[in-house]
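The primary structure of each chain is shown beneath.
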Amino acid sequence: MAEHFPILVVIIPIMASFIILLLWRTKHRYEWHITTAATFLSFLISLSLLNTVFLSGPIRYWLGGWEPPWGIEYVVDSFSGYVLVVVTLVSFVTSVFAAKSVKKEAGEGRTVSFFALYSLLAGGLYGIIVTGDLFNLYVFLEISSLAGYALVGVGKKKRAIVASYNYLILGTIGATLYLIGVGQLYIMTGTLNMADLSQKLPAIFESKVIIAAFALFIVGLSIKMALFPFHAWLPDAHGLAPSVISPILSACVIEVAAYAMMRVMFTVYTPAFVFKVVPAKEVFLLGGGVAMLVGSYLTLAQTDIKRMLAYSSVGQMGYIILGLSFANHTGLVGSIVHIFSHAILKASLFLVAGSLIYKTGITEISRLKGMGKKMPLSMATFTIGALGMIGIPLTTGFISEWKLALGALEAGKWFIVPVILLSALLNAVYFGRVIEIVWFKTDEEEGHGHKEIGKHEKTSIDEAPLSLVLPPFILVSLSIIFGIGAFIPVTLAEKAASMLLGMP
Amino acid sequence: MIDYVVSKSNYWIYVVLMMIGFYAMISKKNLIRKLIGLNIFQTAVILFFISTGVKKGATIPIAFHEKGEIIRAIEALQYTNPLPHVLMLTAIVVMISTTGVALSIVIKIYDAYKTIEEDEIPDKEE
């Protein structure tokens, strides 16, 4: 049983999706229960996988018993095991949150199809992480993206469907560019297996086809992860998606695209190619730095809370890419810890925004006055999450930014440290504004004399149901636990980074 | 020059087709036309993969059997590599599903806005 874990982690959510659809017409449809159970099982399996990987090295699973260069291989190593735990955790916690929220946002009649798509999205994401085959990665990329396009369209606002269309067009272009890259590598080497490719590629590094394929991979996956010049689809899609889907899109889908990019860079093309043959360092330094600043700057202008969080993701993706540009171990550790940190913090922030929408329907930041007294626990969660995003010590956000800054100094790129600080400052400004409105401004302060007396009773506590408050709370608690016990994510990330860079 | 272009004609055709699709996606305002552009874009890539597997006078990669025993295995030089074709079967499925999802999204857009012209859809939520 245990040897089949790498495939089970993918199969369980995908099967759950079909079972949900099969039960559609019957009397007992347990769509939410099945989804939550499936994602929970996947989470447990991924924990066990990470444990095995940490104790006894990478797991290689041959699909159908076919030997690797011919058959498809699933690989769980210290990097994929780590990302798998993060993504399964976030998708499980979000599906717990989904119980109440989906009924209200998608409507009673659409819950079955919603959860079927949700399980499919989760299964596709897990597949991208565990696969060791380039074409298989494309298929899973499209499975998760197609489910994602449809789920964005479920959003309550009318414009969500337009956002979904734009996301589909750009996402498909990205995936198709990736596919051309796969084709070019296949023409040159005759293999699709990542480990096999990394053996065969060094001999033909200087070939123009191989370099062009690298560019296609990077551009294609940059569109999928919404790196700065390709971010146009993200704010609409992430901002207008249903409350349950925004955290998954922002915390899992773009992170997994970043994971795929790192996989292609370090496992398929080796660090020797990325840092010596092509000017990837310079491109990533520029791309990451600009994404951080422009993303954070664009966030300042947003008035809608979900749109603000979505724009903030553009800046946060910049951090992850920046860490790759230093070409050293510390910077890469920063990137990998940031995947974890951004995933849990952004998911918790989006979930709080979701419970806010569930309870009050408010999305404009300016109308959140006095919300701290009304929904204290949710807003406290939001505040901690926001502090984590800024990078305050004792949260995971601090560790990743600290590691990134150390990596920059190690690489001799001291001028990037002020950029990281400036970006953190911009983060502090836009999150600070929300925190100020939520906690320190009340309705009475406005001083309009003509207020009705009944409206003054707004300050009484009116918290969202526990099933909506608890999931984001668990995620921010984890951020603090691992912010204090920093050695756990850092040790795991160090192991993953050593493996990616091919260091002993 | 001509020889160079002709000898690599499959790649030239695929790139030209892809750019036609790309142009349609960028310049057309009608959502269905954009979608057709996307289809041309994806089909071009399928053509690229298929054309890499073509070999003149090649046979199928099946070993010759007689009375349940393999009498002659086929040489790698003699057969057409089926893998690019098999990959494209999957890619075609992906393409069809993408088109299906996109068409249903266009229907939803039409329901919401009563138009499929991009510039007639308001930029902001009214």
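Residues numbered from 1 in each chain as written. Chains lettered and ligands numbered in written order. Predicted model: local features only at pLDDT ≥ 70, side-chain atom pairs only at ≥ 80, totals over all residues. Heavy atoms only, no water.

Our focus in this paragraph is the overall build of chain A. Secondary structure assignment for chain A yields 20 helices and two strands. The C-alpha radius of gyration of chain A comes to 22 Å, within 12% of the 23 Å expected for a compact globule of 504 residues. Along the first, second and third principal axes, the C-alpha atoms of chain A reach 80 × 60 × 40 Å. Where the 34 positive side-chain charges of chain A centre and where its 28 negative ones centre are 5 Å apart. (Helix = DSSP H or I, 4+ residues; strand = E, 2+ residues; numbered from the N terminus. Rg over C-alpha atoms; globule rule 2.2 N^0.38 Å. Lys, Arg positive; Asp, Glu negative; His and termini not counted. Charge placed at Lys NZ, Arg CZ, Asp CG, Glu CD.)

This part takes up the layout of surface pockets. To locate leftover empty space, one rolls a probe as large as a water molecule over the atoms. The volume enclosed by the largest pocket comes to roughly 1100 Å³. What lines the largest pocket is a set of 42 residues, and nearest its centre among them are A:Arg159, A:Asn166, A:Ala232, A:Asp236 and A:Arg307. Residue assignment for the lining of the largest pocket shows that the elements contributing at least two residues are α6 (160-189), α8 (208-225), α9 (234-240) and α13 (305-325) of chain A together with α2 (9-27) and α3 (31-52) of chain B. Residue contributions to the lining of the largest pocket peak at eight residues, all from α6(A). The computed volume of the second largest pocket comes to approximately 600 Å³. A:Pro69, A:Trp70, A:Gly71, A:Tyr186 and B:Leu83 are, among the 24 residues lining the second largest pocket, the residues nearest its centre. For the lining of the second largest pocket, the secondary-structure elements that each account for two or more residues are α5 (134-152) and α7 (194-200) of chain A together with α4 (83-113) of chain B. (1 Å grid on protein atoms, 1.4 Å probe; cavity = no way out; pocket = protein on both sides within 12 Å on 5 of 7 lines; lining within 4 Å. Points joined across faces, edges and corners; volume = space filled by probe spheres on them.)

Attention now moves to the interface of chain A and chain B. On the chain B side, the residues contacting the 28 residues of chain A number 40 residues. Across the interface of chain A and chain B, roughly 2900 Å² is buried in total on both sides, 78% from carbon and sulfur atoms. The largest per-residue losses of area from chain A upon contact with chain B belong to A:Lys158, A:Arg159 and A:Tyr165, which jointly make up 23% of the total buried on that side. At the boundary of chain A and chain B, one finds zero salt bridges. When contributions to the side of chain A that touches chain B are tallied by element, the ones reaching two or more residues are α5 and α6 of chain A. If one sorts the elements of the side of chain A that touches chain B by residue count, α6(A) sits on top with 18 residues. Its residues placed into classes, the side of chain A that touches chain B shows 18 nonpolar, six polar and four charged. (Contact = heavy atoms within 4.5 Å. Buried area = accessible area lost by both parts, 1.4 Å probe. Salt bridge = Lys/Arg side-chain N within 4 Å of Asp/Glu carboxyl O. Nonpolar A, V, L, I, M, F, W, Y, C, P; charged D, E, K, R; others polar.)

Moving on: the confidence of the model for chain B. In this model, chain B carries an average pLDDT of 87, and 98% of its residues clear a pLDDT of 70 or more. Here the predicted complex scores 0.93 on pTM and 0.92 on ipTM. (pLDDT = per-residue confidence, 0-100.)

Together, A:Ile11, A:Met15, A:Phe18, A:Ile19, A:Leu21 and A:Trp24 make up an exposed nonpolar region whose accessible area comes to about 510 Å². Topologically, A:Trp24 is positioned in the loop between α1 (5-22) and α2 (31-56). (Patch = residues over 30% accessible without salt bridge, like charges linked within 9 Å, V, L, I, M, F, W, Y side chains within 5 Å. Areas by Shrake-Rupley, 256 points an atom, 1.4 Å probe, with all protein chains shown as cover.)

The next thing to look at is the pattern of salt bridges. Inspection of the entire model under this criterion finds nine salt bridges over all chains. We note a salt bridge from A:Lys157 to A:Asp304, for which the minimum N-O separation is 3.4 Å. A residue pair is termed long-range when its members are at least 10 positions apart, and A:Lys157 in the loop between α5 and α6 and A:Asp304 in the loop between α12 (280-300) and α13 qualify at 147 residues. A:Asp304 gets classed as buried once you look at its relative accessible area, which sits at 15%. Between B:Glu118 and B:Lys34 there is a salt bridge, and its shortest N-O distance comes to 3.7 Å. Taken together, the residues B:Glu118 in the segment after α4 and B:Lys34 in helix α3 connect sequence positions 84 residues apart. Judged by relative accessible area, B:Glu118 falls into the partly exposed class, the value being 27%. (Buried < 20%, exposed > 50% of the residue type's maximum accessible area, 1.4 Å probe, protein only.)

This part is about unusual backbone geometry. All names here are of chain A. Phi angles above zero are rare outside glycine, and Ala226 is one such case at about 60 degrees. Its location among the elements puts Ala226 in the loop between α8 and α9. Residue classification places Ala226 among the buried positions, given a relative accessible area of 0%. Of note in the backbone geometry, Ala327 takes a positive phi value of approximately 55 degrees without being a glycine. Inspection of the secondary structure assignment puts Ala327 in the loop between α13 and α14 (329-359).

This brings us to the pairing of strand β2 (residues 69-72) of chain B. All names here are of chain B. Inspection of the sheet shows strand β1 (residues 64-66) paired to β2 by three bridges, in the antiparallel sense. Residue His65 lies in a different strand from β2, and its bridge partner there is Ile70. Connecting β1 to the antiparallel partner β2 that follows it, the hairpin turn spans two residues, and Lys67 within it adopts a positive phi of roughly 55 degrees. (Pairing = 2+ DSSP bridges.)

Residue and element names in this part refer to chain A. With 30 residues, α6 extends 43 Å between its outermost C-alpha atoms, agreeing within 8% with the 44 Å of an ideal straight helix rising 1.5 Å per residue. Counting buried residues along α6, 26 of its 30 residues qualify, which places the element largely inside the surrounding structure. Positioned one or two residues after α6, Gly190 has a phi angle of 75 degrees, which is positive. (Expected span 1.5 Å × (residues − 1).)

In this section: the environment of A:Phe266. All names here are of chain A. Positionally, Phe266 belongs in helix α10 (residues 245-268). A C-alpha to C-alpha distance of 12 Å links Phe266 and Asn328, two positions 62 residues apart in sequence. With sequence-adjacent residues up to four places away left out, Phe266 is seen in contact with Pro271, Phe275, Leu324, Leu332, Leu500 and Leu501.

All names here are of chain A. Looking at the element boundaries, Glu105 is found in helix α3 (residues 78-105). No salt bridge forms around the buried Glu105; measuring N to O, its nearest opposite-charge neighbour Lys306 is 5.5 Å away. Polar side-chain contacts of Glu105 include one of 2.3 Å to the side chain of Ser243. Excluding residues that lie within four positions of it along the chain, Glu105 makes contacts with Lys156, Pro242, Ser243 and Ile357. (Polar contact = N/O pair within 3.5 Å; in protein donor to acceptor, adjacent residues only side chain to side chain.)

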